[in-house]
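Below, each chain spelled out in residue letters.
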Amino acid sequence: MSVRVVRAARAWARSVSGRRGSSNFPRPPLAAVDVAALLREATAADGGSRDAEVAAGRREPGQCSVLLFPGQGSQVVGMGRGLLRYPRVRELYDAARRVLGYDLLELSLRGPREALDRTVHCQPAVFVASLAAVEKLHHLQPAVIENCVAAAGFSVGEFAALVFAGAMEFSEGLFAVKIRAEAMQEASEAVPSGMLSVLGQHQSKFAVACLEAQEHCKTQGIENPVCEVANYLFPDCRVISGHLEVGVGRSSLPRTQFGAEGSAVSPEEFL
């Protein structure tokens, strides 16, 4: 990945994260941005930095780290409690209160679970807790942050990765997550649907099972039922999405309404 991540990670290690968290910037600027020009400039800048890095010699894999940020479905009541003793974590939650308009820390610590599991709440909760966890990592293992060469995330975790990498300010990223979560919550209420993580076997026929579920829905009078593979998590594990009547959303595993792409959760594809 771009050496820009390395520079941003080192900046985070120099306490930039705390300043992001305490920002009074409530929302992203409204001025129009020439995205194409920004990409060209970024590519040119990274090209020079990458040449310098190659000239200096590549580091061994054992000397580098990569941060992966989780997505919706990883929330749990009590999340963040063990992080509050680390520097700047409370500042992140204070900034979140200003951006969101409610006490995210209180909801994360005490629930109720039904409220935390709602898309509109759990996406911001996972986003903030992920960056709070970075503060813990920086405190306990600063070399991991300083030697980070890449960052990535699953679903809403992509926003945490972007903030960590320096592509977005904390308040900007949280505001984007807020708008995203609100839109996806509205979509989930418009069409009763759900998702289900299924751990199968090598010979499992997920597509056939989805077709059979669709036929079952038709016998129940549902027009154009949706049941399909939304995500390929890892070998022999799939996320199935669709109408509640096909059986998705009945497991306690996913705890998510719209955590991944799929026809029944199409808002994710545009946010």
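Residues numbered from 1 in each chain as written. Predicted model: local features only at pLDDT ≥ 70, side-chain atom pairs only at ≥ 80, totals over all residues. Heavy atoms only, no water.

S.K.: Describe the packing of aromatic side chains, and please don't skip the residues or the numbers.
M.R.: Scanning all chains against the criterion turns up two aromatic pairs. Plain terms: the ring middles of F69 and F164 are 6.1 Å apart, the flat faces sit at 50° to each other, and that makes the pair tilted. Of this pair, F69 sits in strand β1 (residues 65-69) while F164 sits in helix α8 (residues 157-164), and the two are 95 residues apart along the sequence. Of the residues examined, F69 reaches a relative accessible area of 6% and is grouped as buried. (Phe/Tyr/Trp six-rings, centres within 6.5 Å; stacked < 30°, edge-to-face > 60°. Helix = DSSP H or I, 4+ residues; strand = E, 2+ residues; numbered from the N terminus. Buried < 20%, exposed > 50% of the residue type's maximum accessible area, 1.4 Å probe, protein only.)

S.K.: A description of the pattern of salt bridges should follow, citing residues and the corresponding values.
M.R.: Considering all chains together, one arrives at seven salt bridges under this definition. Linking K178 and E182 is a salt bridge whose minimum nitrogen-to-oxygen distance equals 2.9 Å. A residue pair is termed a helical-turn pair when its members lie 3 or 4 positions apart in one helix, as K178 and E182 do in helix α9 (residues 170-190) at four residues. Given a relative accessible area of 17%, K178 falls into the buried group. Using a relative accessible area of 32% as the deciding quantity, one classes E182 as partly exposed. (Salt bridge = Lys/Arg side-chain N within 4 Å of Asp/Glu carboxyl O.)

S.K.: How would you sum up helix α10 (residues 206-219)? Please name residues and give values.
M.R.: Its 14 residues give α10 an end-to-end C-alpha distance of 20 Å, which sits within 8% of 20 Å, the value for a rise of 1.5 Å per residue. Listed as buried for α10 are F206, C210, A213 and C217. For α10, the arc enclosing every buried residue in end-on projection is 60°, short of the 170-degree limit, so these residues lie on one face. Among the exposed residues of α10, those oriented more than 90 degrees off its buried face are L211, E212 and T219. The elements touched by buried residues of α10 are β3 (193-199), β4 (227-234) and β5 (237-243). Of the residues trailing α10, G221 is marked for its positive phi of about 85°. (Expected span 1.5 Å × (residues − 1). Arc of directions from axis to C-beta. Contact = heavy atoms within 4.5 Å.)

S.K.: Give me the lowdown on the nonpolar core, citing residues and values where you can.
M.R.: One finds F69, Y93, F127, V128, L131, F164 and F170 to be the most contacted residues of the largest nonpolar core, which totals 41 residues. Elements represented by at least two residues in this core include exactly β1, α3 (89-100), α4 (104-110), α5 (113-116), α6 (119-140), β2 (148-153), α8 and α9. If you tally residues by element for this core, the top one is α6, at eight residues. Counting residues in hydrophobic clusters, the runner-up holds eight residues, among them C210, I222, C227 and V246. (Core = buried A, V, L, I, M, F, W, Y, C linked by side-chain atoms within 4.5 Å.)

S.K.: Explain unusual backbone geometry to me, and be specific about the residues and the numbers.
M.R.: The omega angle of the peptide bond from G111 to P112 is 10°, so this bond is cis rather than trans. Secondary-structure assignment places P112 in the loop between α4 and α5. The backbone of R88 shows a phi angle near 75°, a positive value even though the residue is not glycine. One can find R88 in the loop between β1 and α3. Non-glycine residue N224 carries a positive phi angle of around 50°. Tracing the backbone through its elements, the reader meets N224 in the loop between α10 and β4.

No statement about biological role is implied by the geometric values presented.
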